[in-house]
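The residues making up each chain are set out below.
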Amino acid sequence: MARAQLIGKHHPLLRKIRLAASQARRAPADLVVAEGIRTLEEATRAPCVIEAVLVSENFGFHARERSLLIAWQERDIRPLRSPERLLQTVSDLVTCQGAVALVHVPARGLAEVDPGQLPLLVCACGIQDPGNLGTMIRTALAAGASMVCTSPATVSAKNPKAIRSSAGAFFHIPVVEHIAPAEIVAYCKARGIQTVSYTHLRAHETVL
């Protein structure tokens, strides 16, 4: 793949990545930041729309990096390149892994997700640590869950750390956010789904 010209510090993509990562009210509601090789691999495998990719000037040296570049090229995604120090300014990692992507993940409601014939829902209530939530999402996918729901008091599943902690599972399982526990219980009752409550290690953190 031919090396593109390096972008400068005023490029609009940098601002858009920072805005999406901040999850501010003015941030695009359906855009999330994917970072880390494993997370980027899963986002690329998933049926998600990748709006933009920003890579470092040396990205592509290692085999998994080259595989990502090939996969993006096959999907007609043309990464922009930036100096290492500039990419670090939009990275959520202490040591940037050389690539950051903006991925479209539209918000969904309970009615928009098919629970399946043998439904298994994981509902996070009051989870404050994005790393814990990401781990729950990864575990839910591995367990064959139909979806993950979060309460209004739970940290957003679109938090960059939550997405990274999910090891990219976030892109493979429906996540329905900001659902009141009573609404989740009513949803399950209407469909004959048994509810079981588990209190997490931290106070006020519960999984249904």
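Above: the structure in question.
This write-up is about the structure you can find in this document. Everything numeric in this text was worked out from a predicted model, so none of it was measured. (Residues numbered from 1 in each chain as written. Predicted model: local features only at pLDDT ≥ 70, side-chain atom pairs only at ≥ 80, totals over all residues. Heavy atoms only, no water.)

Notes on unusual backbone geometry
Look at Asp76: it is not a glycine, yet its phi comes out positive at around 60 degrees. Position of Asp76 among the secondary structure elements: in the loop between helix H3 (63–74) and strand S3 (80–82). The backbone of Ala167 sits at a positive phi, close to 55 degrees, despite the residue not being glycine. Among the secondary structure elements, Ala167 is positioned in the loop between helix H6 (160–165) and strand S7 (175–176). (Helix = DSSP H or I, 4+ residues; strand = E, 2+ residues; numbered from the N terminus.)

Things to note about the side chain of Ser82
Position of Ser82 relative to the elements: it lies in strand S3. Beyond its immediate sequence surroundings of up to four residues, Ser82 is in contact with Leu6, Ile7, Leu54, Val55, Ser56, Glu57 and Leu87. (Contact = heavy atoms within 4.5 Å.)

Thoughts on helix H5 (residues 130–142)
An ideal rise of 1.5 Å per residue puts 18 Å on 13 residues; H5 measures up with 18 Å between its terminal C-alpha atoms. Looking at H5, one finds that the buried residues are Pro130, Gly131, Leu133, Gly134, Met136, Ile137 and Ala140. N-capping of H5 is provided by Asp129, with a side-chain oxygen placed 2.7 Å from the backbone N of Gly131. Downstream of H5 by one or two residues, Gly144 has phi in the positive range, about 80 degrees. (Expected span 1.5 Å × (residues − 1). Buried < 20%, exposed > 50% of the residue type's maximum accessible area, 1.4 Å probe, protein only. Polar contact = N/O pair within 3.5 Å; in protein donor to acceptor, adjacent residues only side chain to side chain.)

What to know about helix H7 (residues 181–190)
Within the span of H7, buried status applies to Ile184, Tyr187 and Cys188. End-on view of H7: buried residues confined to an arc of 95 degrees, all on one side of the axis. H7 presents Ala182, Lys189 and Ala190 as exposed residues on the side facing more than 90 degrees away from its buried surface. Looking at the packing, one finds that the buried side of H7 touches strand S5 (121–125) and strand S6 (147–150). The positive-phi residue at the C-terminal boundary of H7 is Gly192, with phi of around 70 degrees. (Arc of directions from axis to C-beta.)

Some points on the pattern of salt bridges
Counted according to the given criterion, the structure contains 6 salt bridges. Residues Arg78 and Asp76 are paired through a salt bridge, measuring 2.7 Å at the closest nitrogen-oxygen approach. Per residue, the accessibility class of Arg78 equals that of Asp76, and both read exposed. For the salt bridge of Asp92 with Arg164, the shortest nitrogen-to-oxygen distance reads 3.1 Å. Residue Asp92 is found in the loop between helix H4 (84–88) and strand S4 (99–104), and its partner Arg164 is found in helix H6; the two are separated by 72 residues along the sequence. A relative accessible area of 22% places Arg164 in the partly exposed class. Each member of the salt-bridge network shares a partner with another, and the members are Arg38, Glu42 and Arg45. (Salt bridge = Lys/Arg side-chain N within 4 Å of Asp/Glu carboxyl O.)

Observations regarding the nonpolar core
Counting 36 residues, the largest nonpolar core has Phe59, Trp72, Val103, Ile137, Phe170 and Phe171 as its most contacted members. With 4 residues, the single largest contributor to this core is H5. Trp72 has contacts with Leu40, Thr44, Ile50, Val53, Val55, Phe59, Ile77, Pro79 and Ala99, leaving out every residue within four places of it along the chain. Of all hydrophobic cores here, the second largest spans 15 residues; its members include Leu31, Leu54, Leu86 and Cys96. (Core = buried A, V, L, I, M, F, W, Y, C linked by side-chain atoms within 4.5 Å.)

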